[in-house]
Amino acid sequence: MWDKLRAHYEQVSERRFETLVDAERAAGFSAQAGDMLLDYAKTNIDATARGLLFDLLEQTGVAAKRDAMFAGAPINETEGRAVLHTALRNVDGGPVEVDGVDVMPAVLETLARMENFANDVRDGRFVGQGGKITDVVNIGIGGSDLGPAMAVKALAPYHDGPRCHFVSNVDPADVATVLRACDPTKTLIIVASKTFTTIETMTNARTAQAWMSQTVSDAGAQFAALSTAEDKTADFGIDPSCVFGFEDWVGGRYSMWGPIGLSLMMAIGVDAFRAFLRGAQAMDVHFKTADWSENLPALLALTGIWHNQICGYATRAVLPYDNLLSRLPAYLQQLEMESNGKGVSMDGTDLPVHSGPVVWGEPGTNGQHAFYQLIHQGTRVVPCEFLVAARGHEDDLHHQHQLLAANCLAQSEALMRGRSLDEARAKVADKFEGAELERQARHRVFAGNRPSVTIAYPQLDPFTLGQIIALYEHRVFVEGVVLGINSYDQWGVELGKELATKLQPVVEGTQSADDKDGSTAALVGFLQKNGV
Ligand code: F6P
């Protein structure tokens, strides 16, 4: 199946796809889920390529695996777990069974407890020693940080609760900077960790505990925990009424829909949080029911596979023309790269193709003044994903939003069209002549023929954010199934963690670095000489 796609690509790779893009293609190579539009017309995918890509979905059994996921089957085979983050947003969708037991009553009960707690904090019924909670600090890392941190930023226009801060890095600069800005008597610390063992999170949590204990007589009362390990939260001294549990069928990077989203709920309130869940639920229904030709997660996945595994483009830039989504690229780095950055198939054999791409990005227009030079004229092609809202939240500054949108559209057009040598010559013909004209013109040539997709939506409200995140989650699922990867484990993070634990006493100087390689020993020596 890969061979046919590669053979087709060989035939069309030199074609300028710009020549294909008329109104008919714009309609035929785009799709909508609710009021969200995905446009993939500005790619070299034609009807033949798309047909072959749809064949990939059929041959790898994506529909059956999708249904198995939603039905609670243990599709995370290396860990023997179901994958049911979708149950967390299945607020009015009926039963979901794992091993014959409906998980929805427990999911809804936890959601109700979260809502009561969030309301109590927001309305001043749950108070700190000094009165109403003004600041919430979420301490977590990876999936216990990136999702809520991204969403709290994304939904800033909807904030009407306490200020939310995020501490993730074990670098003391992170926790110290956040705590310095908070009054311990009016701060709630949320320790977010699925396992409640992650060294960075537990270290920061103990630092926060010590900080609070200096001022607050019952510091434990101003702590909450979000975890699957409720025994460990009790050992830490957190009252069970402030502990919100979830099950191991929720992967860390898929967990913001449940307790890990508590800080977001605190910030935007329970109604807006429910709208966020409903947006994701709507994308779930779309993913389950839309034909592949209209199915946004499937189409987005297939553009990814075409660009990465077939065209050989190793990275993918995510470029939100929506400053509120400034943390989306960081969030997607974990979602996509921790899920699909794997070299073996589910059965343990080597992947026949490359694993998922490097995902990176920054909001437009900032990126334009930084790395777009390489995107337009560098020697490697970087497929781009643009996100743009029709409206911002600043009605009085709508003209700025129009300028933002124009920039977004201009970039995808420029990537596709490029600028020929003749056009470049014409640009500078009044300033140079002869050999110097040629030289100057060459610097102003844009190869063009560079692909992009655009995701457009009316406005970034809670419902839309839910749609966007679920869209990307399901895109990762489809890419993973097609590649034969288990998208739900993360063995690749283990080795570094093990070595860090062994290196800690070496860095501290209580163990010698003699059994380390020369480079590591020399680096330890340098740091020790300089006061580590
Ligand atoms: O380091 C990888 C990882 O296990 C991620 O998958 C996870 O999101 C993160 O660490 C944090 O884990 P926890 O929520 O258990 O603290």
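Remember, it's a predicted structure, so these values are computed and weren't measured experimentally.

J.: Residue-level account of the overall build of the protein chain, with values.
T.: The secondary structure content of the protein chain amounts to 21 helices and 15 strands. In summary, the protein chain has a C-alpha radius of gyration of 25 Å against a globular reference of 24 Å for 532 residues, a match within 12%. Seen through its principal axes, the protein chain has C-alpha atoms that stretch 80 × 60 × 55 Å. The proportion of buried residues among the 532 residues of the protein chain is 52%. A total accessible area of about 23,100 Å² is found for the protein chain, and carbon and sulfur atoms account for 52% of it. Side chains of the protein chain carry 45 positive and 67 negative charges; the gap between the two charge centres is 5 Å.

J.: Break down the packing of helix α7 (residues 146–154) against helix α14 (residues 328–340) for me, citing the residues and quoting the values.
T.: Between α7 and α14, whose axes approach to 9 Å, the crossing angle comes to 155°. If you check the angle between α7 and α14, you find them roughly antiparallel. Read as a crossing pair, α7 and α14 show a hand that is left-handed. Facing α7, whose interface residues are L146, G147 and M150, α14 presents L328, A330, Y331 and Q334. Residue composition of the contact of α7 with α14, grouped by class: 5 nonpolar, 2 polar and no charged.

J.: Could you give an account of the sheet that holds strand β14 (residues 384–389), with specific residues and numbers?
T.: Read from one edge to the other, the open sheet built from 6 strands follows the order β1-β2-β15-β14-β12-β13, with strand pairing classed as mixed. Each edge of the open sheet carries a strand with a single partner, namely β1 (30–33) and β13 (358–360). In this sheet, neighbouring strand axes are inclined to one another by 15° on average, regardless of whether the strands run parallel or antiparallel. Sheet analysis places β14 next to strand β15 (residues 452–457), joined by 6 bridges and oriented parallel. In the strand pairing of β15, C384 is matched with S452.

J.: How would you explain helix α21 (residues 518–529) if you had to name every residue and give the values?
T.: Over its 12 residues, α21 runs 16 Å from end to end, which matches the ideal 16 Å to within 8%, given 1.5 Å per residue. Two or three places before S519, at the opening of α21, D517 has a side-chain oxygen 3.0 Å from that residue's backbone nitrogen. One or two steps after α21, the chain reaches G531, where phi turns positive at roughly 95°.

J.: Please provide a residue-by-residue account of the pairing of β15, values included.
T.: Among the 6 residues in β15, 5 count as buried, and that is most of the element. Direction of pairing for strand β2 (residues 36–39) relative to β15: antiparallel, over a ladder of 3 bridges. Bridge pairing links L37 to A456 in β15.

Reading the values: rules and limits
Residues numbered from 1 in each chain as written. Predicted model: local features only at pLDDT ≥ 70, side-chain atom pairs only at ≥ 80, totals over all residues. Heavy atoms only, no water. Helix = DSSP H or I, 4+ residues; strand = E, 2+ residues; numbered from the N terminus. Rg over C-alpha atoms; globule rule 2.2 N^0.38 Å. Buried < 20%, exposed > 50% of the residue type's maximum accessible area, 1.4 Å probe, protein only. Areas by Shrake-Rupley, 256 points an atom, 1.4 Å probe, with all protein chains shown as cover. Lys, Arg positive; Asp, Glu negative; His and termini not counted. Charge placed at Lys NZ, Arg CZ, Asp CG, Glu CD. Axes fitted to C-alpha atoms, helices over the stretch in contact; angles between N-to-C directions. Parallel < 35°, antiparallel > 145°, perpendicular 65-115°, else oblique. Left-handed = near helix turned anticlockwise from the far one by under 90°. Contact = heavy atoms within 4.5 Å. Nonpolar A, V, L, I, M, F, W, Y, C, P; charged D, E, K, R; others polar. Pairing = 2+ DSSP bridges. Expected span 1.5 Å × (residues − 1). Polar contact = N/O pair within 3.5 Å; in protein donor to acceptor, adjacent residues only side chain to side chain.

From the geometry alone we can't say anything about function, so treat these as descriptive.
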